[in-house]
Amino acid sequence: MITIIIFAMFTLLYIVIGLKVKQWEVITTLGFPTETPEGYLKKPSSYNLVRTSCFVIALLSVVISPYRYSATLGFPILGLLWFFVNNRGINRGIKEYRRVMKETVDYNEANPSEDGGEFYEHAKRSLKINDDQIYELYKEKIKLQSALQK
C-alpha cells in the first residue's frame, strides 16, 4: 500500500513540477528569461534534478511494488505522463511566448510616441506565425545552445 501512495504522490509532483520546469525552459530558450523565477535562472539544473528525481522515485515505487499488476499499469502510466508533461510544457511555453509578444505589440500600439524598435517589429511578426513555427524556432535555439556548450 505504501508503494502505491509513493507512486501517486511522486507522480503528481512530477506532473506539477515537470510542467512548470518545461514551460520555463521553453520560454527562457525563446528569449524571455524575465518570465521565469529567479531561482530557475540561477540554477536550472537543480529544477531539472527535482523533476527527474520525482519521475525516478515514481518509477522505483513501481519496480519495488509487491502488487501483481503494478508494473503492467505503472510503466505505461509513467510513459504516457512523461510524454504528456513534455508536450504540454512546450505548449505552455509557446502560449507564454505568444502572450509576451501580444503584450509588447499592445503596449507599443497604445504608446505610439515610444519607439519599440526592432523588438516591436519582431513581436508583430511573431504574432503572425503558428505554434509549429515557434516550436521549430525553439528546437533551432536548443541545437544552437548545444553546439555552443561543446
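Residues numbered from 1 in each chain as written. Predicted model: local features only at pLDDT ≥ 70, side-chain atom pairs only at ≥ 80, totals over all residues. Heavy atoms only, no water.

Further remarks concern a nonpolar patch on the surface. On the surface, a nonpolar cluster with roughly 400 Å² of combined accessible area is contributed by Met-1, Ile-4, Ile-5 and Tyr-67. Position of Ile-5 among the secondary structure elements: in helix 1 (residues 2-29). Look at Ile-5 and you get partly exposed, because its relative accessible area is 47%. (Patch = residues over 30% accessible without salt bridge, like charges linked within 9 Å, V, L, I, M, F, W, Y side chains within 5 Å. Areas by Shrake-Rupley, 256 points an atom, 1.4 Å probe, with all protein chains shown as cover. Salt bridge = Lys/Arg side-chain N within 4 Å of Asp/Glu carboxyl O. Helix = DSSP H or I, 4+ residues; strand = E, 2+ residues; numbered from the N terminus. Buried < 20%, exposed > 50% of the residue type's maximum accessible area, 1.4 Å probe, protein only.)

Here we take up the environment of Leu-30. Within the fold, Leu-30 resides in the loop between helix 1 and helix 2 (38-42). A residue is classified by how much of its surface remains accessible, and Leu-30, at 5% relative accessible area, is buried. Through-space distance from the C-alpha of Leu-30 to that of Leu-127 is 14 Å; in sequence the pair is 97 residues apart. With sequence-adjacent residues up to four places away left out, Leu-30 is seen in contact with Tyr-97, Ile-134, Leu-137, Tyr-138 and Lys-141. (Contact = heavy atoms within 4.5 Å.)

Quick look at the pattern of salt bridges now. Within this structure, the stated rule accounts for eight salt bridges. Among the ionic pairs, Glu-96 bridges to Arg-99, the shortest N-O distance being 2.6 Å. Here the residue Glu-96 and the residue Arg-99 both occupy positions in helix 4 (residues 70-110), the gap between them amounting to three residues, near one helical turn. The class for Glu-96 is buried, based on a relative accessible area of 17%. Residue class for Arg-99 comes out partly exposed when judged on its relative accessible area of 33%. Three or more residues joined by partner-sharing salt bridges are found here, namely Glu-35, Glu-96, Arg-99 and Glu-103.

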